[in-house]
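Listed here are the chains, written in short residue letters.
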Amino acid sequence: MLLKGKEPQARLFSFIREEIMVSERFIPKGAVYFPSRAFNAYQTYRDFRSEEIRRDFGYAEQAGINAIRLFLSYEYWLAFPEQLWEKFDTLLELARQSKIRVMPILFENCGRPSCPENAQNGHPLTAACMQSPGRVVTGDPALWEGPLSFVDAFMKRYAGDDRLLAIEVMNEPNENSSDLPFARRMTQRAFEQKKQIPLTIGCIHLYHNLYFAQWIDVYQFHENFPGSVQEMQAKLMQAAELQRVTGKQVWLTEWQRVRTAGPGWDSPVIPQEDTVPELCSLADAVYGSGLGNFFWSLMLKPAYLPAQRPNGTFNGLFHEDGKVYSLQDYRAVCRRQDAEPAGVLATRPAWFTALLEKSEKER
């Protein structure tokens, strides 16, 4: 039930914050993380460099970020199982040193089909996220043994690892992509081996959590491009009410900016000013709600999803050298108007611009 008017909203948010303080819950103030030049999860581990991860987590700590949401890679595990765990262990230790807890995601609904070409693709115009394990597998229960083995291997190693904030079994399973049965089976399998680390699902809408409610400890929802602050506040209100009624934490695990012209999922044509980061347009509403949250993304990058690539969307906070794209965004995330970053550079990453120019010459 939604409460109308500013006064009930303020009372509800105040109540949620008081409830959180009393129960001493850990409230993530987080960001989604990919290394700057990784276009998908496979590339995160293929090109893994501990010095880069340490640097980036240092930026996060500087901005007061206490949690990171990031993808594992089933495809990388199939090819290099021990290397994946070695690299992930290194990442967890680097996060611990920066006082950051990690929420890994085991499977991904979004992106291009799963295949070696899409996993390896680094072309600046066509590289993007990749489904994992992909529609061919998620749609056929006879092919689930591999993903179930991945769940088993992960839970055996990390079900009790207190460096983890939570374990997200899959990102954005939904009825349109017909992978809800797959996500339910994987979540059930993880639940059978669960220890103290909470389980969760990266749900698009709050109602998607109902498909997994008997197994998950934390509810999620995503709202990347609301049409207004008021639209975001209404969804935050729903989430806060769900948290109050169920006693389970509810986290907004993807948010970016206001887009008054629409989110741009179905059309590559959106105003140029809507293609750049503007976390400050939503930060007060998100942080003021008292709900745990993760913005997209820590590092400044081309859009993750193929649908957002043609319109030139960029998102993120930090350049590789520690400069920020937007001083307003940095201060909004830090929650301090006197916060000073290493510098401000309101342009696309130079490495990506160089790739684009090279690509144009080769055409």
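Everything quoted here is computed from the prediction, not taken from an experiment.

Q: Now, about the overall build of the chain: what can you tell me, with residues and values included?
A: Looking only at helices and strands, the chain has 13 helices and 10 strands in total. On C-alpha atoms alone, the chain measures out to a radius of gyration of 19 Å, which is about the 21 Å that the 2.2 N^0.38 rule sets for 363 residues. In terms of principal-axis extent, the alpha carbons of the chain reach across some 55 × 50 × 40 Å. A separation threshold of at least 6 residues defines the contact pool for the chain, and within that pool the share at least 24 residues apart is 72%. Counting only carbon and sulfur atoms, one obtains 53% of the accessible surface of the chain, whose full area is about 15,100 Å².

Q: For the nonpolar core, give the residues involved together with the corresponding values.
A: Membership of the largest hydrophobic core comes to 83 residues, with the highest contact counts inside it found for Phe 88, Phe 107, Phe 154 and Trp 255. Other than its neighbours up to four places away in sequence, Phe 88 contacts Tyr 45, Leu 72, Val 102, Pro 104, Phe 154, Tyr 158 and Leu 164. Listed in part, the 16 residues of the second largest apolar core include Ala 41, Cys 129, Leu 165 and Val 218.

Q: Residues and numbers for helix H12 (residues 327-334), please.
A: Of all 8 residues in H12, 6 are buried, a share of seventy percent or more. Along H12, the residues classified as buried are Asp 329, Tyr 330, Arg 331, Ala 332, Val 333 and Cys 334. As for H12, its buried residues are in contact with strand E1 (29-32), helix H3 (50-62), helix H11 (283-288) and strand E8 (292-295). One or two positions beyond H12, positive phi appears at Arg 335, with a value near 65°.

Q: Account for empty space enclosed by the protein, with residues named and values stated.
A: Counted according to the given criterion, the structure contains 3 cavities of 30 Å³ or more. Taken as a whole, the largest cavity spans an internal volume of roughly 90 Å³. Residue lining of the largest cavity: 16 residues in total, with Ala 41, Leu 72, Glu 75, Met 130 and Ser 132 positioned closest to the centre. Mapped by element, the contributors of at least two residues to the lining of the largest cavity are helix H2 (41-46), helix H4 (74-79) and strand E3 (101-108). A total of 4 residues in the lining of the largest cavity trace back to one element, the largest contributor, which is E3. Grouping the amino acids of the lining of the largest cavity by side-chain chemistry returns 11 nonpolar, 3 polar and 2 charged.

Q: Lay out the environment of Glu 75 in plain terms, naming residues and giving numbers.
A: Tracing the chain through its elements places Glu 75 in helix H4. Residue Glu 75 is classed as buried on the basis of its relative accessible area, which comes to 14%. Considering only alpha carbons, one finds Glu 75 and Ala 119, 44 residues apart in sequence, at a separation of 8.2 Å. If near-sequence neighbours (up to four positions away) are discounted, Glu 75 is found in contact with Tyr 42, Ser 114, Met 130, Gln 131, Ser 132 and Pro 133.

Q: Talk me through the packing of H3 against helix H5 (residues 81-97); I want residue IDs and the actual numbers.
A: Geometry of a packed helix pair, given as the angle between the helix axes and the separation of the axes. Contact geometry of H3 with H5 gives a least axis separation of 9 Å together with a crossing angle of 30°. Our classification of the angle between H3 and H5 gives roughly parallel. In the crossing of H3 with H5, the sense of the turn from one axis to the other is right-handed. On the side of H3, the interface is formed by Ser 50, Ile 53, Arg 54 and Phe 57, while H5 contributes Thr 90, Leu 91, Leu 94, Ala 95 and Gln 97. Residues that form the contact of H3 with H5 fall into these classes: 5 nonpolar, 3 polar and 1 charged.

Q: If you had to explain the confidence of the model for the chain to someone new, which residues and values would you point to?
A: On average, residues of the chain score 92 in pLDDT, and 92% of them reach the 70 mark or higher. Counted against residues more than four places away or in other chains, residues 1-5, with its pLDDT under 50, gives 7 contacts. Predicted confidence is poor over residues 15-23, with pLDDT under 50, and the contacts of this stretch with residues over four places away or in other chains come to 14 contacts.

Q: Can you explain a nonpolar patch on the surface? Please cite residues and give values.
A: Judged by side-chain polarity, Tyr 207, Leu 210 and Tyr 211 come together as a nonpolar surface patch covering roughly 320 Å² of accessible area. Inspection of the secondary structure puts Leu 210 in the loop between strand E5 (199-202) and strand E6 (218-223). Exposure remark for Leu 210: the relative accessible area of 64% places this residue in the exposed category.

Thresholds, definitions, all that
Residues numbered from 1 in each chain as written. Predicted model: local features only at pLDDT ≥ 70, side-chain atom pairs only at ≥ 80, totals over all residues. Heavy atoms only, no water. Helix = DSSP H or I, 4+ residues; strand = E, 2+ residues; numbered from the N terminus. Rg over C-alpha atoms; globule rule 2.2 N^0.38 Å. Contact = heavy atoms within 4.5 Å. Areas by Shrake-Rupley, 256 points an atom, 1.4 Å probe, with all protein chains shown as cover. Core = buried A, V, L, I, M, F, W, Y, C linked by side-chain atoms within 4.5 Å. Buried < 20%, exposed > 50% of the residue type's maximum accessible area, 1.4 Å probe, protein only. 1 Å grid on protein atoms, 1.4 Å probe; cavity = no way out; pocket = protein on both sides within 12 Å on 5 of 7 lines; lining within 4 Å. Points joined across faces, edges and corners; volume = space filled by probe spheres on them. Nonpolar A, V, L, I, M, F, W, Y, C, P; charged D, E, K, R; others polar. Axes fitted to C-alpha atoms, helices over the stretch in contact; angles between N-to-C directions. Parallel < 35°, antiparallel > 145°, perpendicular 65-115°, else oblique. Left-handed = near helix turned anticlockwise from the far one by under 90°. pLDDT = per-residue confidence, 0-100. Patch = residues over 30% accessible without salt bridge, like charges linked within 9 Å, V, L, I, M, F, W, Y side chains within 5 Å. Salt bridge = Lys/Arg side-chain N within 4 Å of Asp/Glu carboxyl O.

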